[in-house]
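# Survey of secondary and tertiary structure
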Amino acid sequence: MILKKPKNIWKNMKTDKTTKYIFVTGGVISGLGKGIACASIGYLLKSRGFKVTIQKFDPYINIDPGTMSPFQHGEVFVLEDGSETDLDLGHYERFIDENMNSRNSNTSGKIYYEVINRERRGDYLGATVQVIPHITDEIKRRITAVNVNSAYDVVICEIGGTVGDIESQPFLEAIRQFRFESGRSNCINVHLTLVPYIETSGEIKTKPTQHSVMRLREIGIQPDILLCRSKFHLDESIHKKIALFCNVMPEVVIDAIDAETIYEIPLIFDQQRLGDQITDLLNLPRRKPDLKDLEEFVQAIKNPRDEVNIAICGKYTQLHDAYKSIIESFNHAGAENNTRVNIVWIESEDLTNDSETVNKLKNVDGILVPGGFGERGVKGKINAIKLARENGIPFLGICLGLQCAVVEFARNVCGWKDADSTEFNENTQHPVIDLMEEQKRVFNKGGTMRLGAYAAEVVPGTLAYEIYKNKQISERHRHRYEVNNTYLAEMVKAGLVVGAVNKELNLVEMIELKNHPWFVACQFHPEMKSRINKAHPIFREFVRAARKYHNQKAENARSQS
Ligand code: GLN
């Protein structure tokens, strides 16, 4: 009998053998910082000269987080191509300094939508469409789809949720299969877990980690590296214990201790040789990392010379994640200014009148009014802007912040008492902020705003020009309403200055004030483009202006006493 040559059953599998894949899962509890762990691993690989990208798989059914409340989900991070994504994409971009696109952001919603559309087209030729294999195949397709033209040496995939969640099961099954099909040295699993310290008994507990790894192994995934979130460094005996029970070598049990700044995490990891462990496991060449820039940046954050207090007047202030990119932009801008930025969180609904506003904001050196949706808190934002305008306090308005600044100016400088945005009052006689014509015909909420990167032209001679030192800029947007050009000429006559415009669409992009030391508002979101060692110029100059204001105040107080 002639034995048939065995079939290569993986022949049609589209894994690209030259690209390596790292899957990052999380265990025990949510919120351990998987996004930052992925971004840090990305940083370590990039600092070794590898081309890296990071993608996220979120297990919820929404197509994207664009329709979710910031209270549910934190900030919606917007990419150049207009994708509305999870805030972790912001960490990825900030750490590895690469622009992501829609392929980097996956959700169960997108995956099911795709599979169901294919089913309706008849693509499955009569098959029963099931989670396995149809959903898992689509997940696997997306794992490699991000790697267009095999552009990357390493693709890092963050699996949202916590191991054990029902909804992340298809993702875990897909990565199990992916790993089986692509070979061990092409693909590793990094598991982020919690090692709690029990204060009353003074003990460090490894059991939750053991259980979490057990859950992973039940479904056929053996982690290669464990990142153990803990308050303190774990001693050798704990490393050995975790290694023994979780079936890994003690060297790959890495302490992920609480850090003073998130930017220190790649350094903490690399001190434990995480970078080399990863390249060894993936059969990549060992290379020396270049971490000098990051070390300097972390030193600048940790040892600032000056300090300023900047108020963020918003309506999602109980959940700081709703303003993640703004917080990080202040970290970047602070480092470049040698200044610690203390954020003073102000719930804008509390700024009910002038005296309350003065009371709450009297010690700040700058006021920021961020983006937002809906009328709640707008009155307080307008009160804060009035205070900044009348008293020369450095001010930055972002998106809704710009819209409120225009309304404030129209009401209190131009004297149009009922001036408003039509988002809040459709019947105003002075709709100084209004929907663009094409937005009036849009009814679906998901993915229909003016989204992503648009070019703008900065007007020479303005503060905006001083900030950018450039005429051509491109910034990311996420809004429906715009400055209404009908009222612009009169407002300009009264002292409003247009700092930047979109010539093609005839839209105002930035405004400022004639008689104010530093008052800037933009329709776009500069916070989405600030990165390590590349602070966004608007934030950098805002912090500089706040420091000047702070020193001036101190000088005045000294001369008075
Ligand atoms: N609600 C406003 C709009 O849609 C502002 C949006 C924002 O601040 N991102 O135009």
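Look a little higher up for the structure.
Below is a summary of the structure that appears in this document.

## Overview of the pattern of salt bridges
Applying the stated criterion across every chain, the model contains 51 salt bridges. Taking the shortest distance from any N to any O, the salt bridge between Glu138 and Arg141 comes out at 2.9 Å. Within this pair, Glu138 and its partner Arg141 are both found in helix 5 (residues 131-145), separated by three residues, close to a single helical turn. The exposure class of Glu138 is buried, given its relative accessible area of 1%. Owing to a relative accessible area of 39%, Arg141 belongs among the partly exposed residues under this scheme. Residues joined in a network through salt bridges with shared partners are Glu80, Glu93, Asp97, Arg476, Arg531 and Lys534.

## A short note on the pairing of strand 12 (residues 306-314)
Taken together, the nine bridges between strand 12 and strand 13 (residues 339-347) define a ladder with parallel strand orientation. The residue of strand 13 that forms the bridge with Asn309 is Asn342. Running through helix 12 (residues 324-337), the crossover from strand 12 to the neighbouring parallel element strand 13 is right-handed. Bridging between strand 12 and strand 14 (residues 366-369) involves three bridges; their strand directions are parallel. Its bridge partner lying in strand 14, Ile310 is registered against Gly366.

## Quick notes on unusual backbone geometry
Here the bond from Ile132 into Pro133 is cis, since omega is 15°, no more than 30 degrees from zero. Looking at where Pro133 falls in the secondary structure, it is placed in helix 5.

## Things to note about the environment of Lys292
Note that Lys292 resides in helix 11 (residues 292-302). A C-alpha to C-alpha distance of 9.6 Å links Lys292 and Ser47, two positions 245 residues apart in sequence.

## A short note on the site of the ligand
Near the ligand the following residues occur: Gly371, Gly372, Phe373, Cys399, Leu400, Gln403, Glu423, Arg478, His479, Arg480, Tyr481 and His525. Between the ligand and the protein, one listed contact pairs an oxygen atom with a backbone N or O atom of Leu400 at 3.1 Å. Between the ligand and Arg478 there is a distance of 2.9 Å, counted from a nitrogen atom to a backbone nitrogen or oxygen. Contact with the protein chains covers 98% of the free accessible surface of the ligand, which is 290 Å². Among the elements of the structure, helix 15 (400-412) and strand 19 (472-479) are those that each provide at least two residues to the shell around the ligand.

## Digging into a negative patch on the surface
There is a patch of like negative charges on the surface, built from Asp290, Asp293, Glu295 and Glu296. Inspection of the secondary structure puts Asp293 in helix 11.

## Description of the sheet that holds strand 7 (residues 187-194)
One open sheet accounts for seven strands, arranged 5-2-6-1-7-10-11; its pairing is parallel. Every other strand in the sheet has two partners, leaving strand 5 (105-107) and strand 11 (253-257) as the edge strands with one partner each. Strand-to-strand twist of the sheet, defined as the mean angle between neighbouring strand axes without regard to direction, takes the value 20°. Where strand 7 and strand 10 (residues 225-230) come together, five bridges link them in parallel fashion.

## Topic: the side chain of Ser182
Structurally, Ser182 is set in helix 6 (residues 169-182). From its side chain, Ser182 meets the backbone oxygen of Phe178 in a polar contact 2.8 Å long.

## Regarding helix 10 (residues 274-281)
A large share of helix 10 lies buried, amounting to six of its eight residues. Tucked into the core, helix 10 has its buried residues touching strand 1 (20-26), helix 1 (34-46), strand 7, strand 10, strand 11 and helix 9 (265-271). With its phi angle positive at about 60°, Asn283 sits one or two positions after the end of helix 10.

Scoring rules and cut-offs
Residues numbered from 1 in each chain as written. Predicted model: local features only at pLDDT ≥ 70, side-chain atom pairs only at ≥ 80, totals over all residues. Heavy atoms only, no water. Salt bridge = Lys/Arg side-chain N within 4 Å of Asp/Glu carboxyl O. Helix = DSSP H or I, 4+ residues; strand = E, 2+ residues; numbered from the N terminus. Buried < 20%, exposed > 50% of the residue type's maximum accessible area, 1.4 Å probe, protein only. Pairing = 2+ DSSP bridges. Right-handed = clockwise from strand over helix to strand, strands pointing away. Near = heavy atom within 4 Å. Polar contact = N/O pair within 3.5 Å; in protein donor to acceptor, adjacent residues only side chain to side chain. Areas by Shrake-Rupley, 256 points an atom, 1.4 Å probe, with all protein chains shown as cover. Patch = residues over 30% accessible without salt bridge, like charges linked within 9 Å, V, L, I, M, F, W, Y side chains within 5 Å. Lys, Arg positive; Asp, Glu negative; His and termini not counted. Charge placed at Lys NZ, Arg CZ, Asp CG, Glu CD. Axes fitted to C-alpha atoms, helices over the stretch in contact; angles between N-to-C directions. Contact = heavy atoms within 4.5 Å.

Everything listed is a geometric property; what it means functionally is a separate question.
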